[in-house]
Each structure stands twice: as structure tokens, then as C-alpha cells.
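As a plain string of letters, each chain reads:
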Amino acid sequence: MRDYLLTLCVTAAVTYLLTGPVRKFAIATGAMPEIRARDVHREPTPRLGGIAMFFGLCAGLLVADHLQNLNSVFDQSNEPRALLSGAALIWLIGVLDDKFELDALIKLGAQMISAGVMVAQGLTILWLPIPGVGTVALTQWQGTLLTVALVVLTINAVNFVDGLDGLAAGMVCIATGAFFLYAYRLWYGYTIEAAAPATLFAAILMGMCLGFLPHNMHPARIFMGDSGSMLIGLILAASAISITGQVDPDTLKIFEGSTREATHAALPVFIPLILPLTIIAIPMTDLVLAIVRRTWKGQSPFAADRGHLHHRLLEIGHSHSRAVLIMYFWSALIAFGALAYSVHSTSMWIVLAITALSALGLVLLLLPRFSPRAPRWAEAVVPPRYRRRKPLPEPEPEHAAVEEERVPVPAGLHGSTAIGHRSRFSDRRKAGTPS
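Residues numbered from 1 in each chain as written. Predicted model: local features only at pLDDT ≥ 70, side-chain atom pairs only at ≥ 80, totals over all residues. Heavy atoms only, no water.

Looking only at helices and strands, the chain has 15 helices and two strands in total. Counting every position in the chain, which comprises 435 residues, the buried fraction comes to 46%. Of all intrachain contacts in the chain linking residues separated by at least 6 positions in sequence, the fraction that spans at least 24 positions is 74%. Taken as a whole, the chain presents about 23300 Å² of accessible surface, with 64% of it coming from carbon and sulfur. (Helix = DSSP H or I, 4+ residues; strand = E, 2+ residues; numbered from the N terminus. Buried < 20%, exposed > 50% of the residue type's maximum accessible area, 1.4 Å probe, protein only. Contact = heavy atoms within 4.5 Å. Areas by Shrake-Rupley, 256 points an atom, 1.4 Å probe, with all protein chains shown as cover.)

This is the structure in C-alpha cells:
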């Protein structure tokens, strides 16, 4: 754990320190696109934050390669090299897109090629543990197609959710934290060496997100752009593929004992089918809804709009920060709920806690729909928006202005009333002044 934490800290430090210079570089190169109709920010903000994140990835892999307890990952597996190859390709395409706005089909093809590069180097799904069936071995073509599909879906899901300051990096960091604990438990608790690469990928991904978040929180000083969102999406998919299709379920000896014992013992194996989906559950839901919505309107599935989940939260009435925190909450609830259930599946307290937190999440979602007011005795300690509004004082009746009796003044020269007989002369005569 110490080596993983050291790798995480180095990755976060490198990403954090490089983000500032990358921001200046993005401004100098003009990587500050104009504000679009679907954007939430009001001022042009530089992109290319993925450059700092990619160098953070390289620094994390380099440090891990020189640590005694993690060096075996590079000796016994080719997955770190496969990840770096695919990440470099998708990162390069993302940088070009941040600068020149590439076509959506070009990016889709690059995503498939990046997944194919990883598959060619051994990072692929070899078998699937299916409940009630057992371990199902996949052919080469089946594994390749399934791996490419999972990579493309994950990349686009993360890319779609990147719409608010700090949203994508925070959600991926939270979900990856749960995934890291699960992978570390398989590697350390069950002594499964095949889970070590996924554990390393998760630690590096958390460091990348944590190092970038201070620059990306609202109001963001820089965006990660497609160079960052597609990069972290690919690493997230690579972690799930590594632990789902590389860990042999037979190493856990799940088919021993009674049927009930075998079922409970099989949960750590079957959970990889669920956990990779839970960590991207919200982005994937947003992706599916976007495709259905745009197709229903006769638009391209890649056409941008303001119908994403985070846009809907803003339309409901949530502030920018509150919408991001609500998305964080649901991401943590789903990911850590699945993790807790995989560890103690027989505990009813976990189910009750997840249910109670889900109810709390629904209340938070509907908070702008009603205006809670604190009792009068607590108004002094609550924010002003929760205090009862005092009735406005009734306007005083307007007194009718007493119009003075005016003597019509004959028009003077050219119809002007400023020249003519002045009444003060007669007043002076009344006062005895000489005329």
C-alpha cells in the first residue's frame, strides 16, 4: 500500500505542477475556443489540461517501475506498456481536437484504434465469469470486440459527463477510489498477482484526477478538454478490462463447499461484471439518454446539446457547485455501495444504508422544488434564503398636490412665455417701490 500511495502522490504532484505551465501554453497557442450555446461558463477558458495529466501518467508509471514491490508488474505483464501505447495515441488525438475541433467520426475511429493497440499487446478480455454458468472462455475475436466496445463506451461516457467544472475529474476519482480498494483486496487479500496491474492503473488514475482538480474546480482556470477526458476514460476502461478478463476465477476456489457458500464466495469474482459498470453508471446513463434523445429528434448521436444530466440539474435550480456535489454523491453511493456489498453481501445494514442514502439523494435532487423555511426562533443562525420573508410595508397614500392658482401669462415674442409681462413688477408697485 505504501508503494501505491507513493505512486499516487508523485502522479498528483507532477500533474498539479504542470497544469499551470500548460495553461499558459494553451493561451499562447490559442486553444481557447469561443463559448458555445451548450457551454455553462461565461468566459473563454483554455483547454489542453490533458497534457499535464498525460505526463502525470508517465511519471506514475516511471516511479512504479523503480519501486521494489511494483517492479514485478512490469516484469510479469505487458499491460502497463499496452496502456501507455493506447493512452499516447488517444491523448494525441485529443490534443489535436482541443486545438482544431476534429470530426466526431475521426475521434471514434481513433478510440477504436487505441483499443486495438492495447488488445494487440495483451490487454484484452480472455474469459468472463457468468453467474449460474461459470467461467466462459472467449475466442480471440470475441475478446477483441468486447474489449473495443468497452473502451469506446467508457471513453465517450466520461467525455459526455465532462460539462461542468470539476465534474468529470471528480466523478472518475471517486469511482476509481472504490475500484482501487476492490482491486487491492483481490491482489493483497487473495494473493492474485493478475490483479496488480489494475491496482496500479487505479492508483495512477486517482493521482491524475487529484492533481488536476485544484485547477479545474469552479470557477475553472483550465479545462481538461478531450485530451484529458478521453485519456482518463481509456485508463478507467483498461483497469476494468485488466481485472475482469485477466483474473482467473478458479484461483479463488469458488466451487468448493455448499451451494450457498459457493455463491457467497463467488461474489468477489462476479463483482467485476458489476463494478466496472457501477463506476461509470452515471456517465453511461447520460450517454444512453443522450443517444436516445438525439436520435428521437432526428439528430446525430454525436450532436452536442444541453440535455445532459448536469444541464438538467442546473435547469431545476441547483447552483453550479451544488450540481457537481450531487453528481459526486451519486457516483460515490453507487461505486462504494457495490464495493461494500461485495465484501459483506449478507449484511442487511449495508442494504439499509444504501436505501437511506438513496432517499437522501432524492431529497437533494428535489431541493429547489420547494423552499424550506426555518422556524422563527432559528432565523438568526440560518442563511437568509431560509428565513421567512417579512411583508413589505404598505405604501403611504399619496396626498393630492394642491395646484396653485395660476394666472395665464400671455405669450411673448415668437410665442415664448419667457418674455412678457412679469407679475413681480406689480408686486413691487404694491410695496411702494418706484416704478
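Turning next to a nonpolar patch on the surface. A cluster of nonpolar side chains, namely Tyr-341, Met-348, Trp-349, Val-351 and Leu-352, defines an oily patch on the protein surface of about 570 Å² accessible area. Among the elements that line the nonpolar patch, the one with the most residues is helix H14 (residues 348-365), at four residues. On the secondary structure map, Trp-349 appears in helix H14. (Patch = residues over 30% accessible without salt bridge, like charges linked within 9 Å, V, L, I, M, F, W, Y side chains within 5 Å. Salt bridge = Lys/Arg side-chain N within 4 Å of Asp/Glu carboxyl O.)

Turning our attention to the nonpolar core. Counting residues in hydrophobic clusters, the biggest one holds 86 residues, and the most contacted among them are Tyr-4, Leu-57, Leu-200, Met-208 and Leu-231. Per-element tally for this core: the top contributor is helix H7 (residues 167-189), with 14 residues. In this view, Leu-200 contacts Tyr-4, Thr-7, Leu-61, Ala-64, Leu-70, Val-73 and Phe-74; residues no more than four positions away in its chain are not counted. Ranked by size, the runner-up nonpolar core spans five residues in total, among them Ala-157, Phe-160, Met-284 and Leu-287. (Core = buried A, V, L, I, M, F, W, Y, C linked by side-chain atoms within 4.5 Å.)

Per the stated rule, a full pass over the model turns up nine aromatic pairs. Pairing Phe-55 with Trp-91 gives two aromatic rings, centres 6.3 Å apart and planes at 80 degrees, and the pair type is edge-to-face. Taken together, the residues span a long stretch of sequence, with Phe-55 in helix H2 (residues 50-65) and Trp-91 in helix H4 (residues 79-100) at a distance of 36 residues. Here Phe-55 falls in the partly exposed class, since its relative accessible area comes to 41%. You can call Trp-91 buried: its relative accessible area is 16%. Between Phe-329 and Trp-330 the ring centres are 5.9 Å apart and the planes differ by 85 degrees, which places this aromatic pair in the edge-to-face class. Take Trp-330: its relative accessible area is 18%, and that puts it in the buried class. Three or more aromatic residues link up through ring pairs in this structure, and these residues are Tyr-4, Phe-180, Tyr-184 and Trp-187. (Phe/Tyr/Trp six-rings, centres within 6.5 Å; stacked < 30°, edge-to-face > 60°.)

Further remarks concern the confidence of the model for the chain. Residues of the chain with pLDDT of at least 70 account for 69%, and the chain-wide mean is 78. Mean pLDDT across the elements of the chain bottoms out in helix H15 (residues 423-430) (46) and peaks in H2 (96). Within the model, the stretch residues 254-266 combines pLDDT values under 50 with nine contacts to residues more than four positions away or in other chains. Long-range and interchain partners of residues 411-435, a stretch whose pLDDT sits below 50, account for eight contacts in this model, where long-range means more than four residues apart. (pLDDT = per-residue confidence, 0-100.)

All told, the structure shown has three salt bridges when counted by the stated rule. Between Arg-47 and Glu-101 there is a salt bridge; the shortest N-O distance is 3.2 Å. In this pair, Arg-47 is assigned in the loop between helix H1 (2-28) and H2 and Glu-101 in the loop between H4 and helix H5 (104-120), connecting sequence segments 54 residues apart. Assessed through its relative accessible area of 43%, Glu-101 is described here as partly exposed. With a shortest N-O distance of 3.6 Å, Lys-107 and Asp-97 are connected by a salt bridge. Here Asp-97 lies in helix H4 and Lys-107 lies in helix H5, a separation of ten residues in the sequence. Judged on exposure class, the residue Lys-107 and its partner Asp-97 are both buried.

Mapped onto the secondary structure, Leu-213 falls in helix H8 (residues 196-216). Residues Leu-213 and Phe-223, ten residues apart in the sequence, show an inter-C-alpha distance of 9.9 Å. If we skip the residues at most four places from it in the chain, Leu-213 touches Gly-166, Ala-169, Gly-170 and Tyr-328.

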